[in-house]
Amino acid sequence: GKVDRRSLPEPPWASDTPARAPANEREALLCRVMAEVLGRFTNDGSVDGGSGSLSFLNDVDGSGSFRGNVIFRAGHTIGNGAQRMSFGGGAVQYGDASVLTLDLLGTEAGTQYDQLADLGSLSFDGELKLVFGTGFNPVAGTTFQLLNFQSFSGSLGAADITVTGFDRDRLD
């Protein structure tokens, strides 16, 4: 059945009550340790998660850099065209509902294809979507360093990768 949204009570965060500072040291510590971003987020600059974790609950786009521990729980697309996105050695996680979309327009990292760089650790449990640009037809043996990390955990097999704009059967 359908939910009658008009009959639901007003959520506490939708009121006109202004946000408040943490009431004590424990609340302040929790604010420093974990921040969640709700809603679409565009990063065209630099985002620093500090010493805690920064969790994005909805889609993220843009070509800006990230620092600290970052968690993507939905879509993540790197700007328009090919970009190199730096993570400053931080830990990066892609949850099981996440979709990382990378553009491939040529053979040069950062200028012709998207690259996630400077990842300390990468935990990947989502989907990797590779989008090949119109007219780009890589020759056999061409390699792409899409993800530059120190350590990896999770799952990134053929079943986790979708391809558009190119014959998937031609990929190794």
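This structure is a prediction, so every number in the text was calculated from the model and none was measured.

In this section: a nonpolar patch on the surface. A contiguous nonpolar surface patch, about 220 Å² in accessible area, is contributed by Phe149, Phe152 and Leu156. Position of leucine 156 among the secondary structure elements: in the loop between β12 (147–154) and β13 (161–164).

Ordered by their spatial adjacency, 6 strands build an open sheet running β2-β4-β6-β9-β11-β13, and the pairing between neighbours is parallel. Pairing within the sheet leaves two strands with one partner each, and these edge strands are β2 (41–42) and β13. Both strand β4 (residues 60–61) and strand β6 (residues 75–77) contribute to a ladder of 2 bridges, which runs parallel. From the neighbouring strand, valine 60 faces β6, where its bridge partner is histidine 76.

Quick look at unusual backbone geometry now. One non-glycine residue, aspartate 118, lies in positive phi territory at about 60 degrees. Within the secondary structure, aspartate 118 sits in strand β10 (residues 115–124).

Once that is clear, we can look at the side chain of histidine 76. Here histidine 76 lies in strand β6. On the basis of relative accessibility, which here comes to 0%, the residue histidine 76 falls in the buried class. Setting aside chain neighbours within four positions, we find histidine 76 in contact with Val60, Phe66, Met85, Phe87, Tyr94, Val99, Leu100, Thr101 and Leu116.

Attention now goes to the nonpolar core. Nonpolar side chains tend toward joint burial in soluble globular proteins. Of all hydrophobic cores here, the largest spans 28 residues; its most connected members are Phe66, Phe72, Phe87, Tyr94, Leu100, Leu116 and Leu130. Looking at this core element by element, the count peaks at 4 residues for β10. Setting aside residues no more than four positions away along its own chain, tyrosine 94 makes contact with Phe72, His76, Phe87, Leu100, Leu116, Leu122, Ser123, Phe124, Asp125 and Gly126.

Secondary-structure assignment places arginine 73 in the loop between β5 (65–72) and β6. The spatial distance from the C-alpha of arginine 73 to the C-alpha of tyrosine 94 is 6.1 Å, given a sequence separation of 21 residues. Each residue touching arginine 73, except ones within four places of it in the same chain, is listed here: Ser55, Phe56, Leu57, Ala97 and Ser98. Polar contacts involving the side chain of arginine 73 include one to the side chain of serine 55, which spans 3.1 Å.

Burial of the side chains of strand β11 (residues 127–132) is restricted to one face: Leu128, Leu130 and Phe132 are buried, whereas none of Glu127, Lys129 and Val131 on the reverse face is. Across 4 bridges, β11 lies against β13 in parallel orientation. Each bridged residue has a counterpart across the sheet, and for lysine 129 the counterpart in β13 is threonine 162.

Mapped onto the secondary structure, threonine 111 falls in the loop between β9 (99–104) and β10. With relative accessibility at 60%, the residue threonine 111 sits in the exposed group. Along the chain, threonine 111 and glycine 81 lie 30 residues apart, while their C-alpha atoms are 8.1 Å from each other.

About the criteria used
- Residues numbered from 1 in each chain as written.
- Predicted model: local features only at pLDDT ≥ 70, side-chain atom pairs only at ≥ 80, totals over all residues.
- Heavy atoms only, no water.
- Patch = residues over 30% accessible without salt bridge, like charges linked within 9 Å, V, L, I, M, F, W, Y side chains within 5 Å.
- Areas by Shrake-Rupley, 256 points an atom, 1.4 Å probe, with all protein chains shown as cover.
- Salt bridge = Lys/Arg side-chain N within 4 Å of Asp/Glu carboxyl O.
- Helix = DSSP H or I, 4+ residues; strand = E, 2+ residues; numbered from the N terminus.
- Pairing = 2+ DSSP bridges.
- Buried < 20%, exposed > 50% of the residue type's maximum accessible area, 1.4 Å probe, protein only.
- Contact = heavy atoms within 4.5 Å.
- Core = buried A, V, L, I, M, F, W, Y, C linked by side-chain atoms within 4.5 Å.
- Polar contact = N/O pair within 3.5 Å; in protein donor to acceptor, adjacent residues only side chain to side chain.

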